[in-house]
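# What the coordinates show
Below are the chains, spelled out letter by letter.
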Amino acid sequence: MKELPVVPRAMANRDVDEAIQYYLQESAVSAALGFIDELERAYAHLSRHPAMGSTRYAYELDLPDLRCWSLGKYPYLVFYVTRADYVDVWRVLHAVRDIPPMFCDPDALSR
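First, a word on scope: everything that follows refers to the structure included in this document. (Residues numbered from 1 in each chain as written. Predicted model: local features only at pLDDT ≥ 70, side-chain atom pairs only at ≥ 80, totals over all residues. Heavy atoms only, no water.)

## Some words on the pattern of salt bridges
Scanning all chains against the criterion turns up 4 salt bridges. For the salt bridge of Arg9 with Asp88, the shortest nitrogen-to-oxygen distance reads 2.7 Å. Separated by 79 residues along the polypeptide, Arg9 in the loop between strand S1 (6–8) and helix H1 (10–25) and Asp88 in strand S4 (residues 87–94) bring together distant segments of the chain. Each of the two residues, Arg9 as well as Asp88, counts as buried. Salt-bridge contacts for Arg91 lead to Asp15; the nearest nitrogen and oxygen are separated by 2.7 Å. (Salt bridge = Lys/Arg side-chain N within 4 Å of Asp/Glu carboxyl O. Helix = DSSP H or I, 4+ residues; strand = E, 2+ residues; numbered from the N terminus. Buried < 20%, exposed > 50% of the residue type's maximum accessible area, 1.4 Å probe, protein only.)

## Overview of the packing of H1 against helix H2 (residues 29–48)
The geometry of H1 relative to H2 is characterised by a closest axis approach of 7 Å and an angle of 155 degrees between their N-to-C directions. Here H1 lies roughly antiparallel to H2, going by the angle between them. The crossing of H1 and H2 is right-handed. Here H1 contributes Val16, Ala19, Ile20, Tyr23 and Leu24 to the contact with H2, which in turn contributes Val29, Ala31, Ala32, Phe35, Ile36, Leu39 and Tyr43. Its residues placed into classes, the contact of H1 with H2 shows 12 nonpolar, no polar and no charged. (Axes fitted to C-alpha atoms, helices over the stretch in contact; angles between N-to-C directions. Parallel < 35°, antiparallel > 145°, perpendicular 65-115°, else oblique. Left-handed = near helix turned anticlockwise from the far one by under 90°. Contact = heavy atoms within 4.5 Å. Nonpolar A, V, L, I, M, F, W, Y, C, P; charged D, E, K, R; others polar.)

Rendered as C-alpha cells:
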C-alpha cells in the first residue's frame, strides 16, 4: 500500500496546540518538543499503516470507520478515519478525558 497524506482537521490542530501550550505553561519545554516528535512519528506510521489503529471507540461511538492510535510515551490518542486518498485526523485527545462527548458535536468535526 502506498503512503497516504495525513490531514488533521481544525479541531485536531487545536487539540495539538492546547497540549503543547499545557506543556509550555508547566515549563516543560522538552516535553512539548517530545510530544511534537511523537506526534510526527505517529502521523508517519499512520501514513504507512492506516489500518493499524484500534477500533475500540468506533463501536462505543457508533462511528464504524473511526480508529485511534496511541502516542506511546505521551497519554494522547489520535482519532482518525482512513479515506481513499488520505488519513483524516479528527481529534488528538488526552487519554484520560471523557472521550465520547468529544464526538457528540457534529459541527466540531466538520472541516
